[in-house]
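One letter stands for each residue in the lines below.
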Amino acid sequence: MRLALAACLVACLAVMTPGAQATEGDKDPGDILGNWTFQTKPYREGQCVMTGTMRLTPDAESGVYDCELTAVEVCSMWGRSVVLQQCTARRFDNQLSIRSEIDQFLESKLEGLVYVPDNFALTIQSTKRMYGSLVSAATAPAIFIRAEEGIS
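For clarity, every value in this text was computed on a predicted model and none was experimentally measured.

Caption draft 1: Structural detail: the nonpolar core. Counting residues in each nonpolar core, the largest one holds 29 residues, and the members touching the most others are Met54, Leu56, Leu96, Ile98, Phe120, Met130 and Phe144. If you list the elements that add at least two residues to this core, you get β1 (34-40), β2 (48-58), β3 (64-75), β4 (79-92), β5 (95-107), β6 (120-126), β7 (129-135) and β8 (139-146). Here the element with the most residues in this core is β3; it accounts for five residues. When sequence neighbours within four positions are dropped, the list of residues in contact with Leu96 reads Ile32, Leu56, Tyr65, Ala89, Arg90, Arg91, Phe120, Ala121, Leu122, Ile124 and Met130.

Caption draft 2: Structural view of the pairing of β1. Pairing geometry for β1 and β2, over six bridges, is antiparallel. Across the sheet, residue Gln39 finds its bridge partner in β2, namely Thr51. Sheet analysis places β1 next to β8, joined by five bridges and oriented antiparallel. Residue pairing across strands places Phe38 opposite Phe144, the latter belonging to β8.

Caption draft 3: Looking closely at the packing of aromatic side chains. Scanning the entire structure with this criterion turns up four aromatic pairs. Note on Phe38 and Phe144: the rings are 4.9 Å apart at their centroids and 20° apart in plane angle, and the pair reads as stacked. Of the two residues, Phe38 sits in strand β1 while Phe144 sits in strand β8, which places them 106 residues apart along the sequence. One exposure class covers both Phe38 and Phe144, and it is buried. Between Phe120 and Phe144, the ring centres sit 5.1 Å apart and the planes meet at 85°, which makes this aromatic pair edge-to-face. Here Phe120 is found in strand β6, whereas its partner Phe144 is found in strand β8, with 24 residues between them in sequence. For Phe120, a relative accessible area of 0% puts it in the buried group. Among the aromatic side chains, those forming a connected cluster through ring pairs are Phe38, Phe120 and Phe144.

Rules behind the numbers
Here, residues in each chain are numbered from 1, in the same order as that chain's written sequence. Totals for whole chains, interfaces and linings use all residues, but because this is a predicted model, local features are given only for residues with pLDDT of at least 70 and pairs of side-chain atoms are given and counted only at 80 or more. Hydrogens and water are ignored here; the side-chain numbers use all heavy atoms of the structure. Only buried residues count toward a nonpolar core, which is a set of Ala, Val, Leu, Ile, Met, Phe, Trp, Tyr and Cys residues joined through side-chain atoms within 4.5 Å. The buried label applies to any residue whose accessible area, calculated with a 1.4 Å probe on protein chains only, is under 20% of its type's maximum; exposed applies above 50%, and partly exposed to all values in between. Helical segments are the DSSP runs of H or I of at least four residues, strand segments are the runs of E of at least two, and each set is numbered from the N terminus. Here a residue-residue contact requires only that any non-hydrogen atoms of the pair lie within 4.5 Å. The pairing criterion for strands is at least two bridges between them, as found by DSSP. In this scheme Phe, Tyr and Trp rings, the latter by its six-membered ring, pair at centre separations within 6.5 Å, and the angle between planes marks the pair as stacked below 30 degrees, edge-to-face above 60, and tilted otherwise.

Interpretation note: all reported values are geometric properties and have no functional meaning in isolation.
This is the structure:
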């Protein structure tokens, strides 16, 4: 009987231990690492829209993330551009500032047009949603949604 009681006590303590694994609902709302998709509202008088993906990974510096961003800009006046960018994201409480540098043009719009790196100023709402603005050659409201991982 004592052995059974001791085993029950050990099992209860293991569940109540602060280091026990958190459930999905207990996740830190500030955990923003991973894959995101984004979209802006139309800009340049409704002629352009930007969509894309971003991956945030940890950096050695606290409050800083390394990121890779692929932006797809479609404008009725000059077509579509797909641009791979390397970026740094700096976090201040629930604010995230993303500064990009162009790495590679995967698809270019009209020849001769200059493409400016895509920067964002965001508010972290949860582990699944951030919102704010594209702050680049044009500005527009933007929303970032956590990308869902598929099952293979």
